[in-house]
Each structure stands twice: as C-alpha cells, then as structure tokens.
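Descriptive structure summary
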Amino acid sequence: MTSTGLVQRIEIDGQPATAASLLWPALVQTGHFTAMQVRGGRVRGLDRHLARLDAATRELFGQGLDGERVRALIRQILRDDFPAATVRVYVHAPDGEPSLMLTVRPPTELPAAPAERAQSLKSVPYQRPFPHIKHLGGFAQAHHIELVRRAGYDEALLTGPDGAISEGAITNIAFFDGTDVVWPDAPHLSGITMQLVEPRLPAAGLPTRHAPVTLADLPSYSAAFVTNAWGVRPVRRIDDLAYGIDEKLMERVCAAYDEVPWDTI
C-alpha cells in the first residue's frame, strides 16, 4: 500500500513553487526529507521529525535547521483547508543555505483490522548507502519495490551479506520470538514510528532488543510486523515463509502506538 494521491500543494521556503524554483530539486539529488501524517494540525513525534531534519542538515550541509522555521512552514502550507494530509519536508542547499520544499498529499489511512493491513515481503540483496539518513536518490529502493510488487509482494526486505536483514525498502521490521520483540541490528534508518513504538513496548509486556537477524533465522520467529509513517502492520509472508497474524501481539503493539501523543505543529 502506498500513498498514490497526487501532490496537491508545493511550496519552497514559503513561496508557491514555480518551474524555475523546482529546477534544483528536480535535477540535484543531494538532500534529505521526512514524511509525516497530519491530523487536525497535529503530528505524532513532531520533535523527532525536527531532530531528524536538524541532524541530517548538519551532517550534509554543515549547519543546523531551526525547528520553529519548519513548523511555521508546515502550518503555512496546510492553511485551514487541509485538516488531514501527508506532508513531506525536503531539505536542499542550492546556495549553501538550507532551502525547504514542502509538499502536501492526501492522508494515508490503514484498514482497522490487522488482517487487512498484513504485508507480504520479498527479500532482495540491497542495503541503503548512508542508511541512517532519510536521503534523496532512492532509485534502487523504488525499483526493488516495483519488482517485488510485480512478483505479487507488497514490500521489499533489504538484506546484506549472508542474508543479514536490515530494514524494508520503506519500513522498519521487527520479529517476535514468543517473548521478545527483536529489531535487526544491521545498519538501517531509525524510522519515526519505530522510535515512538519501541520504548513503549516493555510496558505492554513486550521486552525489546536489537540483534542480528538473517533470512536463515526467520523460521525461528513466530510473527513479524513493520512500521513506518502510516502506522503498524503485521507481516503475513516473507519469501515462501508464511507467518500467522498474532492478534494478541498486534493488539499490544498497536495499543502502544495509539498511546503516542499528537503534537501541535
């Protein structure tokens, strides 16, 4: 499932995008972004989105990014006519200074029933470069997603040497061994939803840990789920291995996510 809605509004540094101002974002892939679901002027984990943008801007462009500037631009592009939306904030530096391009698309809503959310994943031999940054230039990820969908799967599962699992192409993945929730410790992007859910799981009776997970290890796990900006979804299949949907596990994980407060932009 992807957000297929067309971009409804684009602004660059608070101004409506023009053909001229879009040249740099269209032709230069040096930059990074974050994606969020907005409901009623609020976002889950807003502070983490702002921290992600600031850290990546410092690493890529050698300077910080004011969170209040980001918030003001999000409020501006939403105005009063987008009570629910998918917002992306892109950061480029065409003149050496951070420039922010914001886009608005329709919101993404997942089905309420876990079975209707369930994902099938196909493993592919690929690891993202500079995986800790949500950077631009994701041709390989996008193409792997297209290829696995042609093969009847929903998402690509990225793997490295010896089948080491790192993450999905657009998700984080966790496995359940009957007691603990295990997150692969191979290099990956720490997604915002993962950051919000993981620390809340122990209180729900689900200890968590990071450990190596390989394709050969998959039969030893009883269930798996993925997270991204859309929420939490169970995994029903990885390659030819079928997983049952653990309703109790998903209830506890989804309840932990539902407890995450919505922050006012």
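Here, every reference points to the structure presented above.
Residues numbered from 1 in each chain as written. Predicted model: local features only at pLDDT ≥ 70, side-chain atom pairs only at ≥ 80, totals over all residues. Heavy atoms only, no water.

Quick notes on unusual backbone geometry
- Of note, Asp-13 is a non-glycine position whose phi angle comes to about 50°, a positive value.
- By secondary structure assignment, the location of Asp-13 is in the loop between strand 1 (9-12) and strand 2 (15-16).
- Taking relative accessible area as the criterion, Asp-13 reaches 36% and is therefore assigned partly exposed.
- Its identity is not glycine, yet Asp-162 carries a phi of approximately 60°, on the positive side.
- Judged by relative accessible area, Asp-162 falls into the exposed class, the value being 77%. (Helix = DSSP H or I, 4+ residues; strand = E, 2+ residues; numbered from the N terminus. Buried < 20%, exposed > 50% of the residue type's maximum accessible area, 1.4 Å probe, protein only.)

Quick notes on the pattern of salt bridges
- Throughout the structure, instances matching the rule amount to twelve salt bridges.
- Ionic pairing is found between Arg-58 and Asp-54, a salt bridge with its closest N-O pair at 2.9 Å. Of this pair, Arg-58 and Asp-54 both sit in helix 2 (residues 46-61), four residues apart, which is roughly one turn of that helix.
- Residues joined in a network through salt bridges with shared partners are Asp-177, Asp-180 and Arg-209. (Salt bridge = Lys/Arg side-chain N within 4 Å of Asp/Glu carboxyl O.)

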